[in-house]
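So the chains spell out like this:
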Amino acid sequence: MTIGWHFDNSYSKLSNNFKEEIKPTPVDNPELVILNKELANNLNLDFSKIDKKKLSEIFSGNSLPEGTKSIAQAYAGHQFGHFTMLGDGRAVLLGEHLVNKNKRFDIQFKGSGKTSFSRGGDGRAVLGPMLREYIISEAIHALNIPTTRSLAVVKTGEKVVRESLLQGAILTRVATSHIRVGTFQYIAATQNIDDLKTLVDYTVDRHYPEIESSKTKALDLLNLVMEKQCQLVIDWMRVGFIHGVMNTDNMAISGETIDYGPCAFMDYYDPKTVFSSIDKFGRYAFSNQPSITKWNLTRFAECLLPLIDKNQNKAIELATNKINSFEKKYQEKWLNMMKNKLGLFGVDKKDEFLIQDLLTWMHQKKVDYTNTFCHLMGEETQNEKIYEDKYFQDWKKRWNERSTNNNNSREKNIKLMRSVNPIVIPRNQKVEEALEEANLNNFKLLNQLVEILNKPYTKQENISIYQIPSILNEKYQTFCGT
Ligand code: AMP
Ligand code: MG
């Protein structure tokens, strides 16, 4: 009865400056809540012959797969702009599972007990937030956006003390790695240049082997990470995703979306949208995400300076030039992305005005972002009346003229739109509903929601209730859920 694990633990072979060797703390009475069979399949893992009790033992960390050498990883981070030494305070990396001998995936338990990085925390996680990460990360994946994945969630059978007593849970997270901007900040803060070189080499080997023999490796790495992060934030803007806590420890060097805490999707279009209860000043508001990405990349660049050039002034100049190219890159990508959303081919000087005018109208009239693009694709939405608005009708005429002036068929335009505009997104009230039910041991809504969000670009039957803009809207708040 083999599951198919193939662990190789390259990160655990790095010196103790990078990590602490530690095992998950066993839990009382684990019970599997959800298992991602499709992901398991992609990872060449077969759990079909394992009974639920044994699965619960596996995904709680009570029974560790052979070949793991578990660690807690060290990292630091700017949290809301303030630098702190952090590390896996409630997570343990089991190791790296190899698929077909060459694809490497971190398998991590989140909520697995205390480590030396716990800083007074209990090392545990709560059922609601872990299921929330499962739902949203898998939705983001289905939206074709790079992200860590969720393989399973178990309840631990233990209570966790928060504002009240809550059900403990562990999420099994899969990532191409958990190396963060904060990992570089941690090593840079120790001022050990050999460790910094080791980290750069390790990261390049794992994520960017194409620059392995470059003479300007550190600068090239900055460039590639910038490309990836720029594309990532463009994808978030495309679907209206608000990460909510873009601290540097929550930015992965791989370019995957990581650490789903108070994240949520925007309903009606408002650039200032913030859902997180702790984001008092809107630092991580929807429209701030690109500039925060640049801010975080600047922190990354600072870590790399000693390896960019021995002459510090030269290093700063090189890094600054690179970082300053972010806006232009972002603007270009953004325009392209929005043109795709509107099914526009070719170049027209007025495109930017056309896009801005639509956004301004949505903002002023509080119109749903996702549904507006659905309406333009000819999908019936929950509130068709709003699109009878005179200003919108005039705008639509301009859009139609622009769409047809490049000799492309309506079918071709719509096909492009359908590839980038989701029909369903995780609506806040639907997520909350599923989590509330799950808390009461009823997982029907959870499973239904996960299934529907798995095909966001496909027309599905009976999904209108998943397309209603949040009734919770302005009052809606998300919490970090630690
Ligand atoms: P997060 O909000 O999940 O990005 O976590 C930020 C930092 O706080 C990380 O270093 C976590 O390991 C740590 N942390 C969060 N919750 C806990 C907890 N319950 N116990 C210990 N450390 C925690
Ligand atoms: Mg984090």
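Undergrad: Looking at this model, I keep getting lost on the site of ligand 1. Mind explaining?
TA: As a structural note, the neighbourhood of ligand 1 is formed by 17 residues, with Gly-87, Gly-89, Arg-90, Asp-122 and Gly-123 the closest of them. At 3.3 Å from an oxygen atom of ligand 1 is found a side-chain nitrogen or oxygen belonging to Asn-250. When ligand 1 is considered free in solution it has 480 Å² of accessible area, and contact with the protein chains removes 87% of it. Here the residues of the shell around ligand 1 sort into 2 nonpolar, 8 polar and 7 charged.

Undergrad: I would appreciate a short explanation of the coordination of the magnesium ion (ligand 2) in the present structure.
TA: For a metal bound by four donors in a tetrahedral arrangement, the ideal donor-metal-donor angle is 109.5 degrees, while six donors in an octahedral arrangement ideally sit at 90 or 180 degrees. For the magnesium ion (ligand 2), the full set of protein donor atoms is Asn-250 (OD1) and Asp-259 (OD), and the range of their distances to it is 1.9 to 2.2 Å. Accessibility expressed as a relative area gives 10% for Asn-250, which makes it buried.

Undergrad: Would you explain the nonpolar core in this entry?
TA: The tendency in soluble globular proteins is for nonpolar side chains to be buried side by side. In this structure, Phe-184 and Leu-221 are the most contacted members of the largest nonpolar core, which totals 119 residues. The greatest single-element share of this core, amounting to 13 residues, is contributed by helix α6 (residues 217–239). When residues are assigned to domains, this core turns out to be shared by domain 1 (11–175) and domain 2 (181–331), each giving three or more. Within the second largest apolar cluster, 25 residues are counted, among which are Trp-5, Leu-45, Phe-47 and Phe-109.

Undergrad: For this particular structure, what's the right way to read empty space enclosed by the protein?
TA: Which parts of space are left empty comes out when a probe the size of a water molecule is rolled across the atoms. On inspection of all chains with the given rule, the structure shows 2 cavities of 30 Å³ or more. Estimates place the volume of the largest cavity at around 70 Å³. In terms of lining, the largest cavity is formed by Gln-229, Leu-232, Val-233, Trp-236, Met-246, Asn-250, Met-251, Glu-256, Thr-257, Ile-258 and Thr-293. Per-element tally for the lining of the largest cavity: the top contributor is α6, with 4 residues. In terms of residue class, the lining of the largest cavity is built from 6 nonpolar, 4 polar and 1 charged. Reported here for the second largest cavity is a volume of approximately 40 Å³. Lining of the second largest cavity is provided by Lys-430, Glu-433, Ala-434, Leu-445, Leu-449 and Tyr-466. If you list the elements that add at least two residues to the lining of the second largest cavity, you get α14 (428–439) and α15 (444–453).

Undergrad: How do you make sense of helix α9 (residues 326–341) when you look at a structure like this?
TA: Owing to its 3.6 residues per turn, the α-helix brings residues three or four apart onto one side. Taking 1.5 Å as the rise per residue, α9 with 16 residues should run 22 Å; its terminal C-alpha atoms sit 22 Å apart, in good agreement. For α9, the set of buried residues is Phe-326, Lys-329, Tyr-330, Trp-334, Met-337, Met-338, Lys-339 and Lys-341.

Undergrad: Would you mind going over the pairing of strand β7 (residues 91–99) with me for this structure?
TA: If a strand is regular, its side chains alternate between the two faces of the sheet. By the criterion of burial, β7 is predominantly enclosed, with 9 of the 9 residues buried. As judged from the 2 bridges shared by strand β1 (residues 7–8) and β7, these two strands associate in the antiparallel manner. The partner of Asp-8 across the bridge, within β7, is Glu-96. When β7 meets strand β8 (residues 103–110), the two strands line up antiparallel, connected through 8 bridges. Looking across to β8, one finds that Gly-95 is bridged to Ile-107. Hairpin connection between β7 and β8: a loop of 3 residues separates the two successive antiparallel strands, and Asn-100 in this loop has a positive phi of roughly 50°.

Undergrad: Please clarify how the environment of Asn-144 should be interpreted in this entry.
TA: Counting through the fold element by element, Asn-144 comes out in the loop between α3 (127–142) and β10 (149–161). Of the residues examined, Asn-144 reaches a relative accessible area of 54% and is grouped as exposed. With 208 residues separating them in the primary sequence, Asn-144 and Glu-352 have C-alpha atoms 25 Å apart. Aside from chain neighbours lying at most four places away, what touches Asn-144 is Asp-235, Arg-238 and Tyr-457.

Undergrad: Where do I start with the packing of α6 against helix α7 (residues 289–308) in this structure?
TA: For any two helices packed against each other, one specifies the inter-axial angle together with the distance between the axes. Across the interface, α6 lies against α7 with an axial gap of 10 Å and an inter-helix angle of 170°. Compared by their axis directions, α6 and α7 come out roughly antiparallel. Residue-level contacts link Ala-218, Leu-219, Leu-221, Leu-222, Val-225, Met-226, Gln-229, Val-233, Trp-236 and Met-237 of α6 to Gln-289, Pro-290, Thr-293, Leu-297, Phe-300, Ala-301, Leu-304, Leu-307 and Ile-308 of α7. Here the residues of the contact of α6 with α7 sort into 16 nonpolar, 3 polar and no charged.

Undergrad: Looking at this model, I keep getting lost on the packing of aromatic side chains. Mind explaining?
TA: Any aromatic ring pair is given by two values, namely how distant the centres are and how the planes are angled relative to each other. Per the counting criterion, the structure on display carries 20 aromatic pairs. Relative to Phe-286, the ring of Tyr-269 has its centre 6.4 Å away and its plane inclined at 85°; by these criteria the two rings are edge-to-face. In this pair, Tyr-269 sits in the loop between β13 (264–265) and α7 while Phe-286 sits in the loop between β13 and α7, placing the two residues 17 residues apart along the sequence. As far as the burial class goes, Tyr-269 and Phe-286 line up, both buried. Between Tyr-369 and Phe-373, the ring centres sit 5.5 Å apart and the planes meet at 80°, which makes this aromatic pair edge-to-face. With Tyr-369 and Phe-373 both in helix α11 (residues 369–376), this residue pair falls 4 residues apart, about one helical turn. Side by side, Tyr-369 and Phe-373 carry an identical accessibility label, which is buried. One aromatic cluster is present, formed by Trp-361, Tyr-387, Phe-392, Trp-395 and Trp-399 through successive ring pairs.

Parameters at a glance
- Residues numbered from 1 in each chain as written.
- Chains lettered and ligands numbered in written order.
- Predicted model: local features only at pLDDT ≥ 70, side-chain atom pairs only at ≥ 80, totals over all residues.
- Heavy atoms only, no water.
- Near = heavy atom within 4 Å.
- Polar contact = N/O pair within 3.5 Å; in protein donor to acceptor, adjacent residues only side chain to side chain.
- Areas by Shrake-Rupley, 256 points an atom, 1.4 Å probe, with all protein chains shown as cover.
- Nonpolar A, V, L, I, M, F, W, Y, C, P; charged D, E, K, R; others polar.
- Donors = N, O, S within 2.8 Å, 3.2 Å for Na, K, Ca; no water.
- Buried < 20%, exposed > 50% of the residue type's maximum accessible area, 1.4 Å probe, protein only.
- Core = buried A, V, L, I, M, F, W, Y, C linked by side-chain atoms within 4.5 Å.
- Helix = DSSP H or I, 4+ residues; strand = E, 2+ residues; numbered from the N terminus.
- Domains from an automatic or database assignment.
- 1 Å grid on protein atoms, 1.4 Å probe; cavity = no way out; pocket = protein on both sides within 12 Å on 5 of 7 lines; lining within 4 Å.
- Points joined across faces, edges and corners; volume = space filled by probe spheres on them.
- Expected span 1.5 Å × (residues − 1).
- Pairing = 2+ DSSP bridges.
- Contact = heavy atoms within 4.5 Å.
- Axes fitted to C-alpha atoms, helices over the stretch in contact; angles between N-to-C directions.
- Parallel < 35°, antiparallel > 145°, perpendicular 65-115°, else oblique.
- Phe/Tyr/Trp six-rings, centres within 6.5 Å; stacked < 30°, edge-to-face > 60°.

Function-wise, these values are silent; they only describe arrangement.
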